[in-house]
Amino acid sequence: DTGVSQDPRHKITKRGQNVTFRCDPISEHNRLYWYRQTLGQGPEFLTYFQNEAQLEKSRLLSDRFSAERPKGSFSTLEIQRTEQGDSAMYLCASSSEQGVINYGYTFGSGTRLTVV
Amino acid sequence: GIQVEQSPPDLILQEGANSTLRCNFSDSVNNLQWFHQNPWGQLINLFYIPSGTKQNGRLSATTVATERYSLLYISSSQTTDSGVYFCAALNQGGKLIFGQGTELSVKP
């Protein structure tokens, strides 16, 4: 286990379709975070999990977005009825609860979504 | 919540030049991270630095927590240093808040 893995790397979808992204964190990390980054901006927080519990959701996460981490390992982020404004890079990160202050987050390579 | 501001927004350097990137944050933080985002979008950890100074090769960072700013120094810049540099503050709830980034372009 060498880092945080995200799949797919790129996704092109038609407006109105549903998409699902997957994130596999570093195995010993119990915290998992989703961020969204639009062109020219810094990443913005969407939601995070500690083990399987979703502890916080941003106002950016509309009703069309849902995230799960059913067994406290990998996570999925689903977007229903995609809109052009959903086009962005979706980044996943993980950390340990104890290590987040000293070691921070480790990010995956991201999933770039384009809605046409 | 915490506000994070970075300056300058853009920077163009000739290869071999030195540069300083600045990050201001509006409240006390648990930690501060500097990242380099490569052209493929990957965020690479550079430093975790809540206070003091750290060095790693041609890069160093200093955070003055009492004055709520951090600096990233790049010496003898190379073309491979090009990309976007982000600082991010870890708030009391363990959430990373990012600045808008500094886009660095190093010309050969």
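Up top you'll find the structure we're talking about.
Calculation rules
Residues numbered from 1 in each chain as written. Chains lettered and ligands numbered in written order. Predicted model: local features only at pLDDT ≥ 70, side-chain atom pairs only at ≥ 80, totals over all residues. Heavy atoms only, no water. Helix = DSSP H or I, 4+ residues; strand = E, 2+ residues; numbered from the N terminus. Rg over C-alpha atoms; globule rule 2.2 N^0.38 Å. Buried < 20%, exposed > 50% of the residue type's maximum accessible area, 1.4 Å probe, protein only. Contact = heavy atoms within 4.5 Å. Areas by Shrake-Rupley, 256 points an atom, 1.4 Å probe, with all protein chains shown as cover. Lys, Arg positive; Asp, Glu negative; His and termini not counted. Charge placed at Lys NZ, Arg CZ, Asp CG, Glu CD. Buried area = accessible area lost by both parts, 1.4 Å probe. Salt bridge = Lys/Arg side-chain N within 4 Å of Asp/Glu carboxyl O. Core = buried A, V, L, I, M, F, W, Y, C linked by side-chain atoms within 4.5 Å. Phe/Tyr/Trp six-rings, centres within 6.5 Å; stacked < 30°, edge-to-face > 60°. Lys NZ or Arg CZ within 6 Å of the ring centre and 35° of its normal. Pairing = 2+ DSSP bridges. Axes fitted to C-alpha atoms, helices over the stretch in contact; angles between N-to-C directions.

Draft legend 1. Layout of the overall build of chain B. When its secondary structure is counted, chain B shows 0 helices and 11 strands. Relative to its length of 108 residues, chain B is compact, with a C-alpha radius of gyration of 13 Å against a globular reference of 13 Å. By principal-axis analysis of the C-alpha atoms, chain B measures approximately 40 × 25 × 20 Å. Within chain B, the proportion of its 108 residues that are buried is 49%. A separation threshold of at least 6 residues defines the contact pool for chain B, and within that pool the share at least 24 residues apart is 53%. Accessible area of chain B: about 5100 Å², with a carbon and sulfur share of 48%. If the 6 positive side-chain charges of chain B are averaged to one point and the 7 negative ones to another, these points end up 6 Å apart.

Draft legend 2. Highlighting the interface of chain A and chain B. Listed per partner, the contact involves 24 residues of chain A and 20 residues of chain B. In this assembly, chain A packs against chain B so that about 1700 Å² is buried in total across both faces, 47% of it on carbon and sulfur atoms. Counting the contacts that link chain A with chain B gives 1 salt bridge. Between Lys-95 of chain B and Glu-56 of chain A there is a salt bridge whose closest N-O contact spans 2.6 Å.

Draft legend 3. Broad picture of the nonpolar core. Ranked by internal contacts, the top residues of the largest apolar core, which has 23 residues, are Val-4, Leu-32, Trp-34 and Leu-72 of chain B. Put simply, the parts of the chain that give this core at least two residues each are strand E2 (10-14), strand E3 (19-25), strand E4 (31-37), strand E5 (43-48), strand E7 (59-64), strand E8 (69-74), strand E9 (83-90) and strand E11 (102-107) of chain B. Grouped together as the second largest cluster of nonpolar side chains are 19 residues, Ala-67, Leu-77, Ala-88 and Tyr-90 of chain A included.

Draft legend 4. Representation of the environment of Gly-104 of chain A within the structure. Mapping Gly-104 of chain A onto the fold places it in the loop between helix H1 (100-103) and strand E10 (106-107). Assessed through its relative accessible area of 7%, Gly-104 of chain A is described here as buried. Between the alpha carbons of Gly-104 of chain A and Gly-42 of chain A there is a distance of 17 Å; along the sequence they are 62 residues apart. Setting aside chain neighbours within four positions, we find Gly-104 of chain A in contact with Ser-94, Ser-95 and Gly-99 of chain A together with Gln-33 and Tyr-48 of chain B.

Draft legend 5. Region of interest: the packing of aromatic side chains. Inspection of the entire model under this criterion finds 13 aromatic pairs over all chains. Residues Tyr-35 of chain A and Phe-45 of chain A carry aromatic rings whose centres are separated by 5.8 Å and whose planes lie at 80° to one another, so their mutual orientation is edge-to-face. Taken together, the positions of Tyr-35 of chain A in strand E4 (residues 31-37) and Phe-45 of chain A in strand E5 (residues 44-50) put the pair 10 residues apart, joining distant regions of the chain. When its relative accessible area of 9% is taken as the criterion, Phe-45 of chain A is described as buried. Members of the aromatic cluster, connected to one another through ring pairs, are Tyr-33, Tyr-35, Phe-45, Tyr-48, Tyr-105 and Phe-107 of chain A together with Phe-35, Phe-86 and Phe-98 of chain B. Of note, Arg-22 of chain A hangs over the ring of Phe-74 of chain A, and the distance from its end group to the ring centre comes to 3.9 Å. When the ring centre of Tyr-69 of chain B is taken as reference, the NZ or CZ atom of Arg-22 of chain B above it lies at 4.2 Å.

Draft legend 6. Representation of the sheet that holds strand E7 (residues 65-68) of chain A in the model. Residues and elements named next belong to chain A. Taken together, the 4 strands give an open sheet; going across it, the order is E1-E3-E8-E7, and neighbouring strands pair in antiparallel fashion. Each of the sheet's edge strands pairs with one partner strand only, and the pair in question is strand E1 (5-7) and E7. The average undirected angle you get between the axes of adjacent strands in this sheet is 15°. Across 4 bridges, the pairing between E7 and strand E8 (residues 75-79) is antiparallel. Within E8, the residue paired with Ala-67 across the bridge is Leu-77.

Draft legend 7. Summary view of the sheet that holds E8 of chain B. All names here are of chain B. Here 5 strands make up an open sheet; going across it, the order is E1-E3-E8-E7-E6 and the pairing antiparallel. The sheet terminates laterally at strand E1 (4-7) and strand E6 (52-56), the two strands that pair on one side only. Shown here is a sheet whose adjacent strand axes are inclined to one another by a mean of 15°, direction ignored. Here 6 bridges tie E7 to E8, and the two strands are oriented antiparallel to one another. Bridge pairing links Val-64 to Tyr-69 in E8.

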